[in-house]
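# Architecture and fold: a report
Here's the letter readout for the chains.
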Amino acid sequence: MKIKETINRYPKLSVKKLINIVKGYDIVSFDIFDTLIKRDVYKEHDVFDLIEKRYNATYKDSIDNFRYLRVEAERIARKNSNTEEVSLKEIYISIALLDKTYETRLEVLRLLEEEIEYEISYPNQLIKEVYDYCLLYKKKIYIISDMYLSKKLIEKILKKNGYALYKNLFLSSEIGLQKKTGNLFKHVLKVEGVKADSIIHIGDNKRNDWISAKKIGFNVVNIAKTCTYVKYRELGDSLESRIMWSFLNNRIPYIKNRNVAIGYEIYGPVLYSFVNWLMHNIDSTKTVLFFSRDCQIVKRAYEILSSNNQNSIYFYASRRSLLVPALYVDSSVENLCRLTKSESAQFTVRGLLRKIGLNPQDYSEIVKKYSLSLDDILIRDHLSENNNFILFYNAIQNDIKNNAEKAYGGFKRYMESLNCTHDLQVVDIGWRCTMQYCLKNLLKNNYNIQGYYLGVREDAFVDKHDFLGLFLNGEDNKEKKVFLASMTALIEIFFSALHGSVEGYDIDGTPICGEHECANDLSCLQFISDLQEGAMQFVRDFNSSVMKNLLEVSIDEALEGIKKLGTKPQEEELKSFGSFPFHMGVGIVKAAEPGPLIGYILHPKKYLYDFSNSNWKIAFLKKTLKIKLPYYRIFEILYRHKE
């Protein structure tokens, strides 16, 4: 049966749309690679790099530049062939002709190629559902492919991925004819005794599966591939970049929840890279404290990747819960100014009193004596120059010390309950190591503390030999600092537990958690949960794939997705990330939710105030101006000027 209208290329097809297309046909033919089956490589030549990697990791007589040799051998084999297609064995014979030193290794390398091709194959879930529909409704299924691999291996790959049943399998390597010339399609018609217009062919290659098939008279559907944010053309030329893009692209289209898909694509590689790095650097025989809340998701991923995680502890702490008892050790205003360096750029007197564990209302009168009010705004970087505040702080120092002493007692009992080794390893996201600094002062010389971070600024509070950073390791790298400053909101939203921040410790050492920023907004909590679900699924998928043993996921490449999301967000993410609430020094502030432009024109100081408190400044600019501009470059100029 024939559908009259011409079927063109479909860049994005749902299962439902595909089934509606094929239901009018009794015969459905499928291409194999990038149609029925995905491979976690961008191009087939990437397989040759993986062969070299595995060979060199297994055998002492290492090989070099195998990719070039393998490509050249295939070219020569095709040139000397009397048919349109060649076999894998013929290609490897040509390798020996090019380089005789490979003669003794040919069979090992050929088997490695077949082994890797089998391992990296992955069912295309979208097309698998269409295939299953065809089976259910007893349609004739042909599988047609241009491929030099043997029929035996292709059958094995198809069976592994759930494609064991079909009417016939047509391979160019067996028949000697190719799709791109149209001759393989003609062969199918001759062998099966059917007419071209009775077949609907599904494939991904524009030339081979669309143009060539249409010339013969086949009806065709050409499927495309793309991720939401990470585009191949924007990545580097490395093998790692190509494979990572392919790995993501092969799985993301089948995640129906957009936020879960964003978590998979954008945050999964970052989480995996960070945890994989931790595993190679921390000593699993010593206590590892994963700081809350940022590292709850990190610990979950660590438990998947590490088989030896018995000494890892989720450590209930926050800057506030450690800052207050730290003031018991040193309550000077100089120490307070140091400890607040990691806080918001500006905060109210009320906010600071809460931060140091005091009830603001108890000081509503005394603060007036020093020409202040609870709602006055203090500038973090100029706190030590604010004489009125310093006088006020000194006046209430006894209260600060008494409160800090109680907090210290609860903290001490909490630490005792953990039964840690005296060599402590702490894990956090970064950036100034404030919590490690407080912990070191609180524990004094009883513990040796080493910190491991996603990134550490050059102005960190702890000595360089006491920390190790992955993306930024204490160096004054302007480019990386601009990146981190511009993406703060996107990083902090993901690395957030679903419980509130730790406010302190009860007298018996029990951690006391406050309300989550999203306590009154279940959709906000669900947003975090979805992002983390996607990232954890990536960690599980990548950890169970052959790729984890063949390449490293570098943090620089892993962070490219966050950079793309942060600089060129789509409308959905502008809304979902931009409306996320943050506890700032001046109250709860949305990441990027500016007011009307006309209001800012009339009150420019209001704009500067709101912009300063925004955690996602690039989006704030974009949502305010609503025109196409190089916002990342604008932010970079503003940041460097401020520095």
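Here is a short report on the structure shown in this document. Since the model is a prediction, treat every value here as computed from it, not as a measurement.

## Some points on the overall build of the chain
- Looking only at helices and strands, the chain has 29 helices and 19 strands in total.
- With respect to the three principal axes, the spread of C-alpha positions in the chain is 100 × 60 × 45 Å.
- Across the 643 residues of the chain, 56% fall into the buried class.
- Taken as a whole, the chain presents about 29,200 Å² of accessible surface, with 49% of it coming from carbon and sulfur.
- Within the chain, one finds 91 positive and 82 negative side-chain charges whose respective centroids are separated by 6 Å.

## Quick notes on a nonpolar patch on the surface
- Taken together, the side chains of L597, I598, I601, L602, L625, I627 and L629 make up a nonpolar region of the molecular surface, amounting to roughly 650 Å² of accessible area.
- A total of 4 residues in the nonpolar patch trace back to one element, the largest contributor, which is helix α26 (residues 597-602).
- Residue L597 is classed as partly exposed on the basis of its relative accessible area of 38%.

## Some words on the nonpolar core
- Counting 140 residues, the largest nonpolar core has F30, Y267, L271, V298, I562, F577 and W616 as its most contacted members.
- Sort the elements by how many residues they give to this core and helix α12 (residues 258-281) lands first, with 12 residues.
- Leave out the neighbours within four places in its chain, and L271 touches I297, V298, A301, F494, F495, A535, M536 and V539.
- By size, the runner-up hydrophobic cluster in this structure holds 57 residues, among which are F291, L352, L439 and V502.

## Some points on the sheet that holds strand β14 (residues 448-456)
- One open sheet holds the 5 strands; their spatial order is β10-β9-β13-β14-β15, and the pairing between them is parallel. Whereas interior strands pair on both sides, the edge strands pair on one side only; in this sheet they are β10 (312-315) and β15 (467-473). On average, adjacent strands in this sheet sit at an angle of 20° to one another, irrespective of strand direction.
- As defined by bridge partners, β14 adjoins β15 across 5 bridges and the pair is classed as parallel. Looking at the pairing, V456 lines up with N473 of β15.
- Along the sheet face, α12 touches β9 (287-291), β13 (423-428), β14 and β15 and points at about 150° away from the line of β14.
- Set on the sheet, helix α18 (residues 397-418) makes contact with β10 and β13; between it and β10 the angle comes to about 160°.

## A look at the packing of helix α27 (residues 604-613) against helix α28 (residues 617-625)
- Interhelical geometry of α27 versus α28 gives an angle of 140° and a closest axis separation of 9 Å. Comparing the axis directions of α27 and α28 gives the class oblique. In this structure, α27 contributes Y607, D610, F611 and S612 to the contact, and α28 contributes K617, F620, L621 and T624.

## A word on the environment of I27
- Looking at the secondary structure, you find I27 in strand β2 (residues 27-30).
- With 327 residues separating them along the chain, I27 and R354 place their C-alpha atoms 71 Å apart.
- Apart from the residues lying within four places of it in its own chain, the contact partners of I27 are K140, Y142, V194, S198, I199 and I200.

## Focus: the environment of I618
- The residue I618 is located in helix α28 in this model.
- The class for I618 is buried, based on a relative accessible area of 1%.
- C-alpha of I618 to C-alpha of E557: the two residues are 61 residues apart in sequence and 21 Å apart in space.

## Describing the pattern of salt bridges
- Tallied over the entire structure, the rule returns 37 salt bridges.
- Linking R67 and D46 is a salt bridge whose minimum nitrogen-to-oxygen distance equals 3.1 Å. Of the two residues, R67 sits in helix α3 (residues 66-80) while D46 sits in helix α2 (residues 45-58), which places them 21 residues apart along the sequence.
- With relative accessibility at 24%, the residue R67 sits in the partly exposed group.
- Taking the relative accessible area as the measure of exposure, D46 reaches 0% and is therefore buried.
- The partner of R54 in a salt bridge is E119, with the nearest N and O atoms 2.9 Å apart. Taken as a pair, R54 in helix α2 and E119 in helix α5 (residues 106-119) lie far apart in primary sequence, 65 residues in all.
- Residues joined by salt bridges that share partners form a network here, namely R70, E74, R78, E85 and E113.

## Section: the pairing of strand β7 (residues 199-203)
- Within β7, 5 of the 5 residues are buried, which leaves the element mostly enclosed by the surrounding structure.
- Bridge analysis of β2 against β7 gives 4 bridges, and the strand direction is parallel. Note that in β7 the partner of S29 across the bridge is H201.
- Crossover β7 to strand β8 (residues 219-223) through helix α10 (residues 206-216) is right-handed.

## Focus on the pairing of β8
- Among the 5 residues that make up β8, 5 are buried, leaving the element largely enclosed by the rest of the structure.
- Of the two faces of β8, both are covered, the one formed by N219, V221 and I223 as well as the one formed by V220 and N222.
- The sheet contact formed by β7 and β8 spans 4 bridges and is parallel. Across the sheet, residue I202 finds its bridge partner in β8, namely V221.

## Structural notes on the state of the cysteines
- Taken as a whole, this structure holds 0 disulfides when the rule is applied.
- As a non-bridged cysteine, C433 has C438 as the owner of its nearest cysteine sulfur, 11 Å distant.

How each quantity is defined
Residues numbered from 1 in each chain as written. Predicted model: local features only at pLDDT ≥ 70, side-chain atom pairs only at ≥ 80, totals over all residues. Heavy atoms only, no water. Helix = DSSP H or I, 4+ residues; strand = E, 2+ residues; numbered from the N terminus. Buried < 20%, exposed > 50% of the residue type's maximum accessible area, 1.4 Å probe, protein only. Areas by Shrake-Rupley, 256 points an atom, 1.4 Å probe, with all protein chains shown as cover. Lys, Arg positive; Asp, Glu negative; His and termini not counted. Charge placed at Lys NZ, Arg CZ, Asp CG, Glu CD. Patch = residues over 30% accessible without salt bridge, like charges linked within 9 Å, V, L, I, M, F, W, Y side chains within 5 Å. Salt bridge = Lys/Arg side-chain N within 4 Å of Asp/Glu carboxyl O. Core = buried A, V, L, I, M, F, W, Y, C linked by side-chain atoms within 4.5 Å. Contact = heavy atoms within 4.5 Å. Pairing = 2+ DSSP bridges. Axes fitted to C-alpha atoms, helices over the stretch in contact; angles between N-to-C directions. Parallel < 35°, antiparallel > 145°, perpendicular 65-115°, else oblique. Right-handed = clockwise from strand over helix to strand, strands pointing away. Disulfide = S-S within 2.5 Å.

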